Amino acid sequence: MAREDEATIRAGAEDVGVYVHVPFCHRICPYCDFAVVAGLPGGREDRTVSVLVREIEGRAQPFRPASLATIYLGGGTPSLLRPESLGRILGAIGKAFPGTPSEVTLEVNPSTTERERLPAFREVGVTRLSIGVQSFADATLKRLGRAHTAVECHATLEAARRAGFDNLSLDLIFGAQGQDLPAVLADVEAALAHSPEHVSAYALTVEPGTPLAFGVETGRLVLPSDDLAADMMLAVADRLEAAGLQRYEVSNYARPGNEAQHNARYWQRRAVLGVGIGAHSYRPPTAANPHGARPANERDLARWSTRIESGVMTSPEPGWLSAAEARAEAAFLALRRRQGISAAAFSAEWRATPRDIWPREIENLVAAGLLDESSAGDLALTQRGWLLADSVFEHFVSPDAD
Ligand code: SF4
């Protein structure tokens, strides 16, 4: 088989996932470093949706003839858009690519307006909700700067079931100021009471330049220690797994068959068209682009709108990957998943085993108890490796010197 054919099959160029970034939020949370804009003044919604539709039409061509696999409407808070606006976006995607998506996810926050729109969101084609609960404790929600309350979290989950959604994902955050282990486990119990099909449990991360980072740097905010955060992650994982939600990725848990299909495309390096501010795409390898590309959009709403409205459909950052970058991605994205790296699949793609490329790094990570290595050379994170996943991945991106 020619290298080009292999690469095409590996990267899944036969189908495509579409990510739509809707940047608007009621207000900006102090820990957020996504591409977001506060408020949604009148007129802005229709213009932004028109630009998104134009971008979908204008940027679909390089992905054709791929059929549509998944759609993810994220942000920001895409559920601030009216259902008819989401319908316009979904209609444009449906025209751009053939096929019926197996999953159409919408991110929702637990606000009254969004809750009332859930039946209409379902009618326009949304099949899965990712609900930004974060916590069921009002004190934690307040410290996270979230606009909703615990009562609204429960009400939104109940309304989602009433609207007929049988595939619900909840986001939970642990490691916020003032949280202790019992509080985190109480959040998990409250989530389980709604029998979610999927849970994403994230450690609160301090992103540089955010108000949260400023508060931590100045000592105004004190977060749980790294040891306590690690205990929280272990306890969350144990409890969710005991309830039948298997940890299948660093931060993600699902009942069998309910793993997030769109997100899996990123870890499997399958084609994704990303539209909207700050959105990233993934273009699988081709003859002209032998290692694939991750084009990135403008993060500024005005610049992005002007660019698309004037017909410029190329991304300002083309994101061509070098062989070394693509190989590192192949390793650390595979390690994010429970299955880890298959040495055979890696060798088929790269003509070398992971051990050939990162001999010292793998030796050290196995010796440190962070990676498990099978006799066939397959690699997966250990329990301790899950806790320190980002620092494990660093070894594949920036191999040890000399
Ligand atoms: S709701 Fe989500 S996307 Fe919006 S500001 Fe808060 S963390 Fe960021």
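All figures in this text were calculated on a predicted structure; none of them were measured in a lab. (Residues numbered from 1 in each chain as written. Predicted model: local features only at pLDDT ≥ 70, side-chain atom pairs only at ≥ 80, totals over all residues. Heavy atoms only, no water.)

A few words now on the overall build of the protein. Across its full length, the protein carries 17 helices and 13 strands. The globule rule puts the C-alpha radius of gyration for 402 residues at 21 Å, and the 21 Å found for the protein is close to it. Counting only C-alpha atoms, the protein reaches 55 × 50 × 40 Å along its principal axes. Counting all 402 residues of the protein, 52% fall into the buried class. For the protein, restricting intrachain contacts to residue pairs at least 6 apart in sequence, the fraction spanning at least 24 positions comes to 71%. Of the roughly 17,200 Å² of accessible surface on the protein, 54% is carried by carbon and sulfur atoms. (Helix = DSSP H or I, 4+ residues; strand = E, 2+ residues; numbered from the N terminus. Rg over C-alpha atoms; globule rule 2.2 N^0.38 Å. Buried < 20%, exposed > 50% of the residue type's maximum accessible area, 1.4 Å probe, protein only. Contact = heavy atoms within 4.5 Å. Areas by Shrake-Rupley, 256 points an atom, 1.4 Å probe, with all protein chains shown as cover.)

What follows deals with the side chain of N258. In this structure, N258 sits in the loop between strand 10 (252–254) and helix 10 (261–268). For N258, a relative accessible area of 19% gives the class buried. Non-local contacts of N258, meaning those with residues more than four positions away in its chain, are made with N167, E197 and H198.

Partitioning the protein into structural domains gives domain 1 (3–265) and domain 2 (323–397). If you average the C-alpha positions of domain 1 and of domain 2, the two centres end up 28 Å apart. Contacts between the two partners involve twelve residues from domain 1, matched on the other side by twelve residues from domain 2. Buried surface at the junction of domain 1 and domain 2, summed over both partners, amounts to about 1,200 Å²; 50% is from carbon and sulfur atoms. Linking domain 1 with domain 2 are two salt bridges. We note a salt bridge from E241 to R338, for which the minimum N-O separation is 3.4 Å. Between domain 1 and domain 2 we count five residue pairs in polar contact (both at pLDDT 80 or more) in total. Looking at the side of domain 1 that touches domain 2, the elements that each hand over two or more residues are helix 1 (3–11), helix 9 (226–242) and strand 9 (246–249). Among the residues making up the side of domain 1 that touches domain 2, the classes are represented as five nonpolar, one polar and six charged. (Domains from an automatic or database assignment. Buried area = accessible area lost by both parts, 1.4 Å probe. Salt bridge = Lys/Arg side-chain N within 4 Å of Asp/Glu carboxyl O. Polar contact = N/O pair within 3.5 Å; in protein donor to acceptor, adjacent residues only side chain to side chain. Nonpolar A, V, L, I, M, F, W, Y, C, P; charged D, E, K, R; others polar.)

This part takes up the nonpolar core. Within the largest apolar cluster, 70 residues are counted, with the highest numbers of intra-cluster contacts made by L73, I89, F97 and L129. Considering each element in turn, this core owes the most residues, six residues, to helix 3 (residues 83–96). Beyond its immediate sequence surroundings of up to four residues, L73 is in contact with V20, P78, L86, I89, L90, V104, T105, L106, E107 and V126. Of all hydrophobic cores here, the second largest spans 30 residues; its members include L333, L370, V392 and F393. (Core = buried A, V, L, I, M, F, W, Y, C linked by side-chain atoms within 4.5 Å.)

The local shell around the ligand consists of C25, R27, I28, C29, Y31, C32, F34, V36, G76, N109 and R146. The residue inventory of the shell around the ligand, partitioned by class, reads seven nonpolar, two polar and two charged. (Near = heavy atom within 4 Å.)

Here the focus is helix 13 (residues 343–350). By the burial criterion, the buried members of helix 13 are A343, F346, E349 and W350. Taken end-on, helix 13 shows its buried residues confined to a sector of 130 degrees, consistent with a single buried face. Looking one or two residues beyond helix 13, the residue adopting positive phi is R351, at roughly 60 degrees. (Arc of directions from axis to C-beta.)

Quick look at the packing of aromatic side chains now. Going through the model one piece at a time under the given rule, you end up with six aromatic pairs. Look at Y19 and Y72: their rings are 6.0 Å apart centre to centre, the planes differ by 25 degrees, and that puts the pair in the stacked class. You can see Y19 sitting in strand 1 (residues 15–22) and its partner Y72 sitting in strand 4 (residues 67–75), a full 53 residues away along the chain. Each member of the pair, Y19 as well as Y72, is classed as buried. Ring geometry for Y248 and W267: centres 6.1 Å apart, planes at 65 degrees, overall edge-to-face. (Phe/Tyr/Trp six-rings, centres within 6.5 Å; stacked < 30°, edge-to-face > 60°.)

The strand order across the open sheet formed by nine strands is 9-10-8-7-6-5-4-1-11, and the pairing between neighbours is mixed. Looking at which strands have only one partner, the edges of the open sheet turn out to be strand 9 and strand 11 (272–275). The sheet shows a mean angle of 20 degrees between the axes of neighbouring strands, taken without regard to direction. Sheet topology places strand 8 (residues 198–203) next to strand 10; three bridges connect them, and they run antiparallel. (Pairing = 2+ DSSP bridges. Axes fitted to C-alpha atoms, helices over the stretch in contact; angles between N-to-C directions.)

Turning our eyes to something else, we now look at the pairing of strand 6 (residues 128–134). Residues in a regular strand point their side chains to alternate faces of the sheet. Burial of strand 6 is extensive: seven of the seven residues sit out of reach of the surface. The two faces of strand 6 match: R128, S130, G132 and Q134 on one face and L129, I131 and V133 on the other face are all buried. Sheet topology places strand 6 next to strand 7 (residues 168–174); four bridges connect them, and they run parallel. Along strand 7, the bridge assignment pairs S130 with S169.

Let's shift gears to the packing of helix 12 (residues 323–335) against helix 17 (residues 389–397). Relative orientation of the contacting elements helix 12 and helix 17 amounts to 160 degrees, with a least axis distance of 9 Å. Judged by the angle between their axes, helix 12 and helix 17 are roughly antiparallel. In this structure, helix 12 crosses over helix 17, and the sense of that crossing is right-handed. Between helix 12 and helix 17, the contacting residues are A328, A331, F332 and L335 on the first element and V392, F393, F396 and V397 on the second. Residues that form the contact of helix 12 with helix 17 fall into these classes: eight nonpolar, no polar and no charged. (Parallel < 35°, antiparallel > 145°, perpendicular 65-115°, else oblique. Left-handed = near helix turned anticlockwise from the far one by under 90°.)

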